[in-house]
Amino acid sequence: EKEKLWTEAERQAAAIRSLAGFVRYMWDVFSPGKDLLWNPHIPIICEAIEDLVAAEPGTELVICQPPRTMKSILVSVMFPAWLWLQCPETVFLGISCSEKVAGRDSLAMRLIIASDRYKGLIRLAKETWPWMPAWEMSRDQYSKTNFQNTEKGQRQCFTPGTTIIGSNCDYRIVDDPYDVLEATKGPPERIAERMTDIVSTYGQSWQSRFSAGGPKKSLIIMQRLHENDLAGERIKAGARSVVLPMH
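Since the structure is predicted, the reported quantities are computational estimates derived from the model, not experimental observations.

Novice: Quick rundown of the layout of surface pockets? Include the residues and the values.
Specialist: Approximately 570 Å³ is the volume found for the largest pocket. For the largest pocket, the lining is made up of 21 residues, of which Arg-68, Met-70, Lys-71, Ser-72 and Arg-104 are closest to its centre. Of all the secondary structure elements, the ones that give two or more residues to the lining of the largest pocket are α4 (71–86), α5 (99–113) and α7 (180–183).

This is the structure:
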């Protein structure tokens, strides 16, 4: 309620300072004409992601939450766009269960960055931190699923079955790596095999995709499907976790 009384300058400052403030400020660009329902889980997730950014290199965060609760919006759309306001050189590698999902989220982020409202935040960040570059989107690489800014920050998208060659990143974002209907179909042993396949790929080919000397941070967000799914295995391995059950 207090935020309704904030000036435009205060809302802009909050958008640069915190991911939650950014989500509030950019919501009308992401979903014009639709109200943002600010449920309690949203700031919890935003704070966990901010803690990941501040953490030491190599930190891994796992977020488990039900479908239709803004998983992809917060992690795959809002978070990379927000971090570019502070660190435009950051390279993100996004992995989702299907090309459709990967393309949808990548396009949503691109639309946010191209908006006048976001460009206003870039100017304010430059005023706040004079050493920040006045960057913009690169025209040389500006496709739906793979785009770059003039500071070499990049957003790339892949699916689990794609061979990832020549792509290195600072942040690896794994957003619902399983196709739920396909992964939970068939006998228990076949389901367990699908769970293991993604876990193995995560620890092998996806693990080698980090840039040398970078943050090397991982963020997994998904709904739980099986006791041995990727989220469960990474939590067992000691990753930070935020688990938000529906009930």
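Novice: Give a detailed account of empty space enclosed by the protein, specifying residues and quantitative values.
Specialist: This structure, assessed with the given rule, holds one cavity of 30 Å³ or more. Quantified by volume, the largest cavity comes out at close to 70 Å³. Along the walls of the largest cavity sit Ser-76, Phe-92, Leu-93, Gly-94, Ile-95, Ser-96, Ala-102, Asp-105, Arg-155, Cys-157, Ile-173 and Asp-175, which together make up its complete lining. Of all the secondary structure elements, the ones that give two or more residues to the lining of the largest cavity are β2 (91–96), α5, β5 (154–158) and β6 (171–175). With five residues, β2 is the single largest residue contributor to the lining of the largest cavity. Taken together, the residues of the lining of the largest cavity sort by class into six nonpolar, three polar and three charged.

Novice: Describe the pattern of salt bridges, naming the residues involved and giving the relevant values.
Specialist: Under the counting rule described, the total for this entry stands at eight salt bridges. Residue Arg-234 pairs with Glu-60 through a salt bridge whose shortest N-O separation is 2.8 Å. Of this pair, Arg-234 sits in helix α9 (residues 230–236) while Glu-60 sits in strand β1 (residues 60–64), placing them 174 residues apart in sequence. Residue Arg-234 is classed as partly exposed on the basis of its relative accessible area of 26%. Residue Glu-60 is classed as buried on the basis of its relative accessible area of 12%. Residues Lys-236 and Glu-233 are paired through a salt bridge, measuring 3.1 Å at the closest nitrogen-oxygen approach. Placement of the pair is Lys-236 and Glu-233 together in helix α9, with a separation of three residues, close to one helical turn.

Novice: I'd love a proper account of the nonpolar core, names of residues and values included.
Specialist: Counting 48 residues, the largest nonpolar core has Phe-22, Phe-79 and Tyr-118 as the members making the most contacts within it. Take this core: its biggest share by element is eleven residues, from α4. Excluding residues within four positions of it along the chain, Phe-79 makes contact with Leu-19, Ile-49, Val-53, Leu-74, Phe-92, Tyr-171, Ile-173 and Leu-219. Among the nonpolar cores identified, the runner-up in size contains 16 residues, and Val-174, Met-222, Leu-230 and Ala-239 belong to it.

Novice: Requested: an account of the pairing of β6, with residues and values cited.
Specialist: Where burial is concerned, most of β6 is hidden: five out of the five residues are buried. Burial along β6 is two-sided: the face carrying Tyr-171, Ile-173 and Asp-175 and the face carrying Arg-172 and Val-174 are both buried. Pairing geometry for β2 and β6, over five bridges, is parallel. Within the sheet, the bridge partner assigned to Ile-95 lies in β6 and is Val-174. Inspection of the sheet shows β6 paired to strand β7 (residues 217–222) by five bridges, in the parallel sense. Bridge pairing links Ile-173 to Leu-219 in β7.

Novice: Requested: an account of the packing of helix α1 (residues 8–17) against α4, with residues and values cited.
Specialist: Working note: a packed helix pair is described by the angle between its axes plus the distance between those axes. Relative to each other, α1 and α4 sit at 100 degrees, their axes nearing to 9 Å. The angle between the axes of α1 and α4 places the two elements in the roughly perpendicular class. Where α1 approaches α4, its residues Ala-15, Ile-16 and Arg-17 are matched on the opposing element by Trp-82, Leu-85 and Gln-86. In terms of residue class, the contact of α1 with α4 is built from four nonpolar, one polar and one charged.

Novice: Tell me about unusual backbone geometry, and please be specific about residues and values.
Specialist: The backbone of Arg-68 shows a phi angle near 65 degrees, a positive value even though the residue is not glycine. As for its position among the elements, Arg-68 is in the loop between β1 and α4. Note on Arg-68: relative accessible area 84%, which makes it exposed. Of note in the backbone geometry, Met-70 takes a positive phi value of approximately 70 degrees without being a glycine. Tracing the backbone through its elements, the reader meets Met-70 in the loop between β1 and α4.

What counts as what
- Residues numbered from 1 in each chain as written.
- Predicted model: local features only at pLDDT ≥ 70, side-chain atom pairs only at ≥ 80, totals over all residues.
- Heavy atoms only, no water.
- 1 Å grid on protein atoms, 1.4 Å probe; cavity = no way out; pocket = protein on both sides within 12 Å on 5 of 7 lines; lining within 4 Å.
- Points joined across faces, edges and corners; volume = space filled by probe spheres on them.
- Helix = DSSP H or I, 4+ residues; strand = E, 2+ residues; numbered from the N terminus.
- Nonpolar A, V, L, I, M, F, W, Y, C, P; charged D, E, K, R; others polar.
- Salt bridge = Lys/Arg side-chain N within 4 Å of Asp/Glu carboxyl O.
- Buried < 20%, exposed > 50% of the residue type's maximum accessible area, 1.4 Å probe, protein only.
- Core = buried A, V, L, I, M, F, W, Y, C linked by side-chain atoms within 4.5 Å.
- Contact = heavy atoms within 4.5 Å.
- Pairing = 2+ DSSP bridges.
- Axes fitted to C-alpha atoms, helices over the stretch in contact; angles between N-to-C directions.
- Parallel < 35°, antiparallel > 145°, perpendicular 65-115°, else oblique.

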